[in-house]
Amino acid sequence: MSSFFKEVYEIVAQIPAGKVASYGQIAAMLGNPRAARTVGWAMSGAPSHLRLPCHRVVNKEGRLSPDPVFGGYEVQRADLEAEGIVFRTDGRIDMRKCRWHPD
DNA sequence: CGCGTGACGTCTC
DNA sequence: CGAGACGCCACGC
């Protein structure tokens, strides 16, 4: 397991329910604010047995990944709402209140 | 070591 | 405001 991927999984696993983090944000935590793409790539290869709350990982817009990846945008929205994530009328997450604030 | 790739981010048109 | 292009980084081959 590459160190970078491991770090990504660790961080994602630490995202509390009701909060979301952006790929760029996670990348910044790893010390590479430009590695947002790599973070997303790491998620794409995230072992399901880790049960990472990947639905809590969104892009800067508060938008989820392409529908097919999560099995449906609506599904993710439902899961996030169930955790307390607030969606705006335009379908975007209210990052102002839901963005994860690490120490 | 070089090339291709990807669930991103930011700029330009 | 929407779509497209480029840049970024790490991984696999």
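The rules behind these values
Residues numbered from 1 in each chain as written. Chains lettered and ligands numbered in written order. Predicted model: local features only at pLDDT ≥ 70, side-chain atom pairs only at ≥ 80, totals over all residues. Heavy atoms only, no water. Near = heavy atom within 4 Å. Polar contact = N/O pair within 3.5 Å; in protein donor to acceptor, adjacent residues only side chain to side chain. Helix = DSSP H or I, 4+ residues; strand = E, 2+ residues; numbered from the N terminus.

Caption draft 1: Quick peek at the protein's contact with DNA strand C. Taken together, Ser2, Phe4, Phe5, Asn32, Arg34, Ala35, Arg37, Thr38 and Trp41 make up the full set of residues near DNA strand C. Within 4 Å of the protein, the contacting atoms of DNA strand C are 58% sugar and phosphate, with bases supplying the remainder. One nitrogen or oxygen atom from the side chain of Arg37 is found 2.8 Å from a base oxygen belonging to DNA strand C. With respect to DNA strand C, the side chain of Thr38 contributes an N or O atom lying 2.4 Å from a base oxygen. Contributions of two or more residues to the surface near DNA strand C are made by α1 (3–14) and α3 (36–44). Of the residues forming the surface near DNA strand C, the biggest block, three residues, is contributed by α3.

Caption draft 2: Expanded view of the protein's contact with DNA strand B. Taken together, 15 residues lie around DNA strand B, and Met43, Ser44, Asn59, Ser65 and Phe70 are the ones closest in. Among the atoms of DNA strand B lying within 4 Å of the protein, the sugar-phosphate backbone contributes 40%. Measuring from a base nitrogen of DNA strand B, one finds a side-chain N or O atom of Tyr23 at 3.3 Å. In the model, a phosphate oxygen of DNA strand B is placed 3.2 Å from a nitrogen or oxygen of the Lys60 main chain. Here the surface near DNA strand B gets six residues from one element, more than from any other, and that element is α3.

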